[in-house]
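Letter by letter, the chains look like this.
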Amino acid sequence: MTGTPAVLVEGLHKRFGDHVALSGVDFEVAPGTVLGLLGPNGAGKTTTVSILATLRRPDAGRALVAGHNVVDDAAAVRRSIMLTGQYAAVDELLTGRENLELFARLLGARKQEAAKRAADLLDEFDLADAADRRVGTYSGGMRRRIDIACGLVIKPAVVFLDEPTTGLDPRSRQHVWSLIGRLRDEGVTVLLTTQYLEEADVLSDRIVVIDHGAVVAEGTSAQLKQRTGGTHCEVVPVEPRLVPRAHELLADLHPSPLTPGADRFALPAPGGVATLGTVMSRLDAAGIDLADVALRRPSLDDVFLSLTGHAASGAEQSA
Amino acid sequence: MTATNPGSQWRALSGRSVLGGIREGDLVFATFTPVVFFVCFYVPLQNMADTLGVNYAQYLLPVIVLQSMLFTGIAAGERSATDALGGMAVRLRALPVPRLIPMFARMSANLIRAVLSLIGGIAIGYLAGFRFHGGLGSIIGFVVIALLFAVAMSFGADALGSIATNREATGQMLMVPQLLFTMVSTGIVPAVGFPEWLQPFARNQPVSKVADALRGLASDTVDATTITIALAWILGMLVVFASAALHLATKER
């Protein structure tokens, strides 16, 4: 890591009454990178972001954003950040353009500059057609876009996106993802919270996994996946009755035990493509047609399960 | 980066609230509510007042004005609850905007609403025979007392709205005191019209006391005690409600 981190978090503690929301969170985010803060509902993601965005004071610990202390120099932090919450915090009675102009003026732009910036952002966010409609009439995806756009009227150093795609349809989610990519390309540091493993995987340079108010793992997506074991090869014969026969033929490659009735099995693939080749040629020689055969790397779902002892989606449902 | 300026932030946010009030129809509602309520009381009750030799428009208008100021308070509560629940309040706290600016911007929109209600009320009153019999001083006194009452109510409702969990419930909850203080006041019928046990409340509650002062100012019959009592109520409520609103707006969370 070169220079000072864009976000530095050290020993952050926060409790609400009896509930301990954060019990010592540490991480840092390098300038111009995307950090995914991954965890189930109630893990402490939003509390962490609230402290970093100066909305709440930590009980203990220290946090710097763009070099400014979030407690002692909150005003300077607020000048350097943009925050998007889980819901679209814009004025529903104003049009998209009026919202953008409002936020531009709040951040010190003059009327003309504000109008110019609003027009540019409406184009950039593909909202020009809806510019003069009230935000109350927007779809969920459009709202999220105008919400994010309102935070970019003046280019921030650090952007906090708290579950930016929660509740969005796949197309809108894709749109937000490409926005985040664009922010990174422009050199903006992004801290993204999500409970979607896929999202953290696709968007983040580094991932911090938190659970019950503490960091349980951090690293790149590849590093985290490594921790749950290597690549394996999944074998799916066309005819399920041939599964035991295929399993037998590949016994020397240490396949995982067969689950009765399963249409597939997996085996470790330390050799990667070479293992795949062996599997295919042997089964071909035995006349077993394959519906699918592929190298699988463990998903972040697997990582999450092994780190926290519970599945990410299961935690969401039980919360 | 351009320097931020609290004055232009306040103007931008006030403009936003006023625009919202126009779009929601609230400002039209504010102007016509006192007209509707005035007519509703005036039509059935004026004959009775006539037989008693009272100019009922002169008698009734003060409480109609105060009721519309209570409605301004209710709108203030809903305005503040909308910001609190919609995430706007949170977002503004994460911006380089001084903590009190959003609240003061809402208050200026509330004050504009109060002025419109006052205009609507006085206009219908004039049509029905209400008149200012005193000089400019008493007209100014009437306007200032009515608006200070609205500001006090709006501070209280803004504080309540900022910790609300439901916008509609905030409005409905505030309807109850509005009805109670308007109906059980000496502004519509004199205290003798109430059962004996209710008369002390009807006579001494703040809406009655402030209505007495407004009526006295309009008719140019006011005495210092009436004005003092009305101002004491208003300033007392102003201090309590404004400090609650300021406290909640600047509270660390």
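Residues numbered from 1 in each chain as written. Chains lettered and ligands numbered in written order. Predicted model: local features only at pLDDT ≥ 70, side-chain atom pairs only at ≥ 80, totals over all residues. Heavy atoms only, no water.

S.K.: So what exactly am I meant to see when it comes to the overall build of chain B here?
M.R.: If you tally the helices and strands in chain B, you get 10 helices and zero strands. Secondary structure elements in chain B, listed N-terminal to C-terminal, are α-α-α-α-α-α-α-α-α-α. For chain B, the C-alpha radius of gyration of 19 Å lies close to 18 Å, the compact-globule estimate for 253 residues. Taken along its principal axes, the extent of the C-alpha atoms in chain B is 70 × 35 × 35 Å. The burial tally for chain B puts 53% of its 253 residues in the buried class. (Helix = DSSP H or I, 4+ residues; strand = E, 2+ residues; numbered from the N terminus. Rg over C-alpha atoms; globule rule 2.2 N^0.38 Å. Buried < 20%, exposed > 50% of the residue type's maximum accessible area, 1.4 Å probe, protein only.)

S.K.: Please explain a nonpolar patch on the surface as it appears in this structure.
M.R.: All names here are of chain B. A surface patch of nonpolar side chains, about 250 Å² in accessible area, is lined by Trp10, Phe104 and Leu246. As for its position among the elements, Leu246 is in helix H10 (residues 224–250). Residue classification places Leu246 among the partly exposed positions, given a relative accessible area of 32%. (Patch = residues over 30% accessible without salt bridge, like charges linked within 9 Å, V, L, I, M, F, W, Y side chains within 5 Å. Areas by Shrake-Rupley, 256 points an atom, 1.4 Å probe, with all protein chains shown as cover. Salt bridge = Lys/Arg side-chain N within 4 Å of Asp/Glu carboxyl O.)

S.K.: Would you mind going over the pattern of salt bridges with me for this structure?
M.R.: When their charged atoms lie close together, side chains carrying opposite charge are able to pair. Tallied over the full model, the rule gives 24 salt bridges over all chains. In this structure, Glu98(A) and Arg23(B) form a salt bridge, with 2.8 Å as the shortest nitrogen-oxygen distance. Here Glu98(A) is found in helix H3 (residues 96–106), whereas its partner Arg23(B) is found in helix H1 (residues 6–23) on a different chain. Judged by relative accessible area, Arg23(B) falls into the partly exposed class, the value being 25%. Salt-bridge contacts for Asp83(B) lead to Arg106(B); the nearest nitrogen and oxygen are separated by 3.3 Å. Taken together, the residues Asp83(B) in helix H3 (residues 56–86) and Arg106(B) in helix H5 (residues 101–128) connect sequence positions 23 residues apart. Here Asp83(B) falls in the buried class, since its relative accessible area comes to 4%. Each of Asp91(A), Arg16(B), Asp83(B), Arg106(B) and Asp158(B) takes part in one network of salt bridges that share partners.

S.K.: Is there a simple way to think about the layout of surface pockets in this case?
M.R.: Over the atoms a probe the size of a water molecule is rolled, and this reveals where empty space is left. When its volume is computed, the largest pocket comes out at roughly 790 Å³. If you go around the largest pocket, you meet 39 residues; those closest to its centre are Ala84(B), Ala89(B), Val90(B), Arg91(B) and Arg93(B). Elements with a contribution of two residues or more to the lining of the largest pocket: helix H1 (45–52) and strand S6 (81–84) of chain A together with H3, helix H4 (88–93), H5, helix H6 (136–162) and H10 of chain B. Ranked by residues supplied to the lining of the largest pocket, first place goes to H4(B) with five residues. Estimated volume of the second largest pocket: approximately 650 Å³. If you go around the second largest pocket, you meet 28 residues; those closest to its centre are Glu24(B), Glu78(B), Arg79(B), Thr82(B) and Arg167(B). Where the lining of the second largest pocket is concerned, the elements lending two or more residues are H1, helix H2 (26–51), H3 and helix H7 (167–183) of chain B. (1 Å grid on protein atoms, 1.4 Å probe; cavity = no way out; pocket = protein on both sides within 12 Å on 5 of 7 lines; lining within 4 Å. Points joined across faces, edges and corners; volume = space filled by probe spheres on them.)

S.K.: I'm lost on the packing of H3(A) against helix H5 (residues 140–150) of chain A in this one. Help?
M.R.: Helix-helix packing is characterised by the crossing angle of the two axes and by the distance between the axes. Residue and element names in this part refer to chain A. H5 packs onto H3 with a crossing angle of 20 degrees between their chain directions and a minimal axis gap of 9 Å. Classified by the angle between their axes, H3 and H5 sit roughly parallel to one another. In this structure, H3 crosses over H5, and the sense of that crossing is right-handed. Counted together, Gly96, Asn99, Leu100 and Phe103 of H3 and Ile146, Ala149 and Cys150 of H5 form the full contact between these two elements. Tallied by class, the residues present in the contact of H3 with H5 amount to five nonpolar, two polar and no charged. (Axes fitted to C-alpha atoms, helices over the stretch in contact; angles between N-to-C directions. Parallel < 35°, antiparallel > 145°, perpendicular 65-115°, else oblique. Left-handed = near helix turned anticlockwise from the far one by under 90°. Contact = heavy atoms within 4.5 Å. Nonpolar A, V, L, I, M, F, W, Y, C, P; charged D, E, K, R; others polar.)

S.K.: Can you help me understand the environment of Leu203(A) in this one?
M.R.: Residue and element names in this part refer to chain A. Of note, Leu203 is situated in helix H7 (residues 197–203). Residue Leu203 is classed as buried on the basis of its relative accessible area of 5%. Along the backbone, Leu203 and Ser221 are 18 residues apart, and their C-alpha atoms lie at a distance of 9.8 Å. Setting aside anything within four residues of it in sequence, one finds Leu203 in contact with Val34, Trp177, Ile180, Arg184 and Leu192.

S.K.: Looking at this model, I keep getting lost on H10(B). Mind explaining?
M.R.: Quick reminder: α-helices carry 3.6 residues per turn. Residues three or four places apart thus point the same way. All names here are of chain B. The end-to-end C-alpha separation of H10 is 38 Å, in line with the 39 Å expected for 27 residues at 1.5 Å each. The set of residues buried in H10 consists of Thr226, Ile227, Ala230, Ile234, Met237, Leu238, Ala242, Ala245, Leu248 and Ala249. Buried residues in H10 make contact with H5, H6 and helix H9 (206–219). One side-chain oxygen of the residue at the start of H10 lies 3.1 Å from the amide nitrogen of Thr225, identifying that residue as Asp223. (Expected span 1.5 Å × (residues − 1). Polar contact = N/O pair within 3.5 Å; in protein donor to acceptor, adjacent residues only side chain to side chain.)

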